[in-house]
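Single-letter residue listing:
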Amino acid sequence: MRTCWFPVLLMIAVPAPGADAVPTSSATIRIAAAQPRARLIDWHIQDPEAVLAKVDQNLADLERLLNQAAQQDCDVVAFPEDTLGLGRWEAANEALRGEVLPQAVARMLARFGATAAKPAMYVVCCNDHAEANGAVYNTAFLLNRDGKEIGRYRKVNIPIHERHKQRGDKFQVFHTPDLGDVGMLICYDMVFPEAARCLALQGADIVFHATLGGAAIGDADVSLAAFRTRAVENFMYLVVSQRGNGSMIISPQGKVIVEAQGPDTLAVADINPLGGREGGDAMNHQRDMRARLFRERNPAAFGILSDPNPPVLAKVPATITEHEAVRVARKVLTVGEEEFRAADALLRAGRTDDAIAAFGRLRREYHGSWIDRKAAERLAQLQP
């Protein structure tokens, strides 16, 4: 035992290069993760001007959250994915996206920028955006205290049913004088640990996550555990903004500092973006664990992470094409719920044979969706 113990102690006793130069600050920043209620624009509307009028109404409501944050002396306000509530409308009106999205996003950035510039707050917001070449990206925007854009991030990891949009191709970190280095992720990105790690390796001190869902495929407990894990495995602050519920701020230690309570509320916390990262083990303690964590990696062994066709895919072949997944998703977001309610109405009216036929059709038409699963439950009751 002694012959092994001595060199281990010697190795740990040598300071990591630059460890004494870890940046620290005692300055605190007040951050608000917004939790607005759902304000979904009706997908039946096909007049672009009428859609933009609804966008303006939503912006007026969301500006009230900005003003609430200003009254609480917040330095940053972060909004969820699909900030403008256009996602469901887009599913039914793809041909109009190129006309509506640029104007809608321009209005969002202008109005949020003007409102937040008065109290000098940063703003993070997120919405699908049509670029000049017509490509649509799910995009997060970071606005400076003066209301001007610092940078934007295009969602990299897109689920199969959103493949009608373009994927971003890089993770970016934006430097600020008082928040430190800032990264942004959107919804499904958080399911992939590599996404947060890519930002952490670029020095991100805080990551804003605009989302409509969780951080893992599973129930709420599993998702919360994943959020906390993403924070602590990278020793970064994580600000989660979600519509309706789930907005929270998590420390680099993986602790939930604050959660929003109810719709149209804010989760507000004071943090030190450059602090709160103390940690270590019995042999070595650090003021900022990133000084060790990212030197103790062995990236030479990680090659499979960038393999586009890893062996596991041969074990689990695809069960649905991208085209079919996109088709199903668009119908689920639009006519699907109406058709499910109609089938349920047949059941309640005692028209059992018609209900069986309707639920069978729904299973075929909405394969793999919640409508498929609920229809299967109804059929199990009707056809034991």
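Structure shown above.
Please read all numbers here as calculations on a predicted model, not as lab measurements. (Residues numbered from 1 in each chain as written. Predicted model: local features only at pLDDT ≥ 70, side-chain atom pairs only at ≥ 80, totals over all residues. Heavy atoms only, no water.)

A. Main features of the overall build of the protein chain. Each helix and strand in the protein chain was counted, giving eleven helices and 14 strands. Over its C-alpha atoms, taken along the principal directions, the protein chain stretches across nearly 80 × 55 × 40 Å. The burial tally for the protein chain puts 47% of its 384 residues in the buried class. Partitioning the contacts of the protein chain with sequence separation of at least 6, the portion at a separation of at least 24 is 64%. Split by element, the accessible area of the protein chain, about 18800 Å² in all, is 54% carbon and sulfur. Between the averaged position of the 44 positive side-chain charges in the protein chain and that of its 47 negative side-chain charges there is a distance of 2 Å. (Helix = DSSP H or I, 4+ residues; strand = E, 2+ residues; numbered from the N terminus. Buried < 20%, exposed > 50% of the residue type's maximum accessible area, 1.4 Å probe, protein only. Contact = heavy atoms within 4.5 Å. Areas by Shrake-Rupley, 256 points an atom, 1.4 Å probe, with all protein chains shown as cover. Lys, Arg positive; Asp, Glu negative; His and termini not counted. Charge placed at Lys NZ, Arg CZ, Asp CG, Glu CD.)

B. Structural detail: helix 5 (residues 193-201). Considered for burial, the residues of helix 5 that qualify are Ala195, Ala196, Leu199 and Ala200. End-on view of helix 5: buried residues confined to an arc of 135°, all on one side of the axis. Considering only its buried residues, helix 5 is in contact with strand 6 (173-176), strand 7 (180-186), strand 8 (206-211) and helix 6 (220-234). Following helix 5 by one or two positions, Gly203 adopts a phi angle in the positive range, close to 95°. (Arc of directions from axis to C-beta.)

C. Focus on helix 9 (residues 322-348). At Val335, helix 9 shows its strongest bend, of approximately 65°. Taken together, the buried positions of helix 9 are Ala325, Val326, Val328, Ala329, Val332, Thr334, Gly336, Phe340, Ala343, Asp344 and Leu346. Turning to helix 9, the residues buried within the fold contact helix 3 (87-92), helix 10 (352-365) and helix 11 (370-382). Just beyond helix 9, the residue with positive phi is Gly350, at close to 85°. (Bend = angle between axes of the 7 residues up to and from the residue.)

D. Representation of the sheet that holds strand 1 (residues 29-35). One open sheet accounts for six strands, arranged 5-4-3-2-1-12; its pairing is mixed. The outermost strands of the open sheet, each flanked by one partner alone, are strand 5 (149-154) and strand 12 (265-271). Ignoring strand direction, the axes of neighbouring strands in this sheet form an average angle of 25°. Looking at chain direction, strand 1 and strand 12 are connected through seven bridges and run antiparallel. For Ile31, the partnering residue across the bridge sits in strand 12 and is Ala269. The sheet strands contacting helix 2 (residues 48-71) are strand 1, strand 2 (76-78), strand 3 (122-130) and strand 12, and the helix crosses strand 12 at an angle near 35°. On the sheet, helix 4 (residues 97-117) packs against strand 3, strand 4 (136-143) and strand 5 and is oriented at approximately 175° with respect to strand 3. (Pairing = 2+ DSSP bridges. Axes fitted to C-alpha atoms, helices over the stretch in contact; angles between N-to-C directions.)

E. Inspection of the nonpolar core at higher detail. Within the largest apolar cluster, 48 residues are counted, with the highest numbers of intra-cluster contacts made by Ile31, Leu185 and Phe208. In contact with Leu185, other than residues within four places in its own chain, are Tyr153, Phe171, Met190, Ala195, Ala196, Leu199, Val207, Phe208, His209 and Ala210. (Core = buried A, V, L, I, M, F, W, Y, C linked by side-chain atoms within 4.5 Å.)

F. Layout of the packing of helix 9 against helix 11. Relative to each other, helix 9 and helix 11 sit at 10°, their axes nearing to 11 Å. As the angle between them shows, helix 9 and helix 11 are arranged roughly parallel. Residues Val332, Gly336, Glu337, Phe340, Asp344 and Leu347 of helix 9 lie in contact with helix 11, whose contacting residues are Trp370, Ile371, Lys374, Ala375, Arg378 and Leu382. By residue class, the composition of the contact of helix 9 with helix 11 is seven nonpolar, one polar and four charged. (Parallel < 35°, antiparallel > 145°, perpendicular 65-115°, else oblique. Nonpolar A, V, L, I, M, F, W, Y, C, P; charged D, E, K, R; others polar.)

G. Region of interest: the packing of aromatic side chains. All told, the structure shown has five aromatic pairs when counted by the stated rule. Taking 6.0 Å as the distance between ring centres and 20° as the angle between the ring planes, the aromatic pair formed by Tyr153 and Phe171 counts as stacked. Taken together, the positions of Tyr153 in strand 5 and Phe171 in the loop between strand 5 and strand 6 put the pair 18 residues apart, joining distant regions of the chain. Linked through ring pairs, Phe340, Phe359 and Trp370 together constitute an aromatic cluster. (Phe/Tyr/Trp six-rings, centres within 6.5 Å; stacked < 30°, edge-to-face > 60°.)

H. Just the side chain of His129, in detail. Residue placement: His129 occurs in strand 3. Overall, the relative accessible area of 11% leaves His129 in the buried class.

I. Region of the structure containing the sheet that holds strand 11 (residues 256-259). Here we have six strands laid out as an open sheet, ordered 6-7-8-9-10-11, and mixed in their pairing. Every interior strand has two partners, whereas the edge strands, strand 6 and strand 11, have only one. Each strand of the sheet is rotated relative to its neighbour by a mean of 20°, with strand direction disregarded. Sheet analysis places strand 7 next to strand 8, joined by five bridges and oriented parallel. Paired with Met184 across the strands is Phe208, a residue of strand 8. With respect to the sheet, helix 5 is in contact with strand 6, strand 7 and strand 8, its orientation differing from that of strand 7 by roughly 160°. In this fold helix 6 packs onto strand 8, strand 9 (237-242), strand 10 (248-250) and strand 11, with an angle of close to 40° to the strand it touches most, strand 10.

J. Structural view of a nonpolar patch on the surface. On the surface, Phe302, Ile304 and Leu305 cluster together into a nonpolar patch covering about 300 Å² of accessible area. With respect to the helices and strands, Ile304 occurs in the loop between helix 7 (290-293) and helix 8 (312-315). Assessed through its relative accessible area of 53%, Ile304 is described here as exposed. (Patch = residues over 30% accessible without salt bridge, like charges linked within 9 Å, V, L, I, M, F, W, Y side chains within 5 Å. Salt bridge = Lys/Arg side-chain N within 4 Å of Asp/Glu carboxyl O.)

K. A look at the packing of helix 2 against helix 4. Following both chains from N to C, one finds helix 2 and helix 4 inclined at 25°, their axes separated by 10 Å at the closest point. Classified by the interaxial angle, the pair formed by helix 2 and helix 4 is roughly parallel. Two packed elements cross with a definite hand, and for helix 2 against helix 4 that hand is right-handed. Contacts between helix 2 and helix 4 involve Pro48, Val51, Leu52, Val55, Asp56, Leu59, Ala60, Leu62, Glu63, Leu66 and Asn67 from the first element and Glu99, Val100, Gln103, Ala104, Arg107, Met108, Arg111, Phe112 and Thr115 from the second. Looking at the contact of helix 2 with helix 4 residue by residue, the classes come out as twelve nonpolar, three polar and five charged. (Left-handed = near helix turned anticlockwise from the far one by under 90°.)

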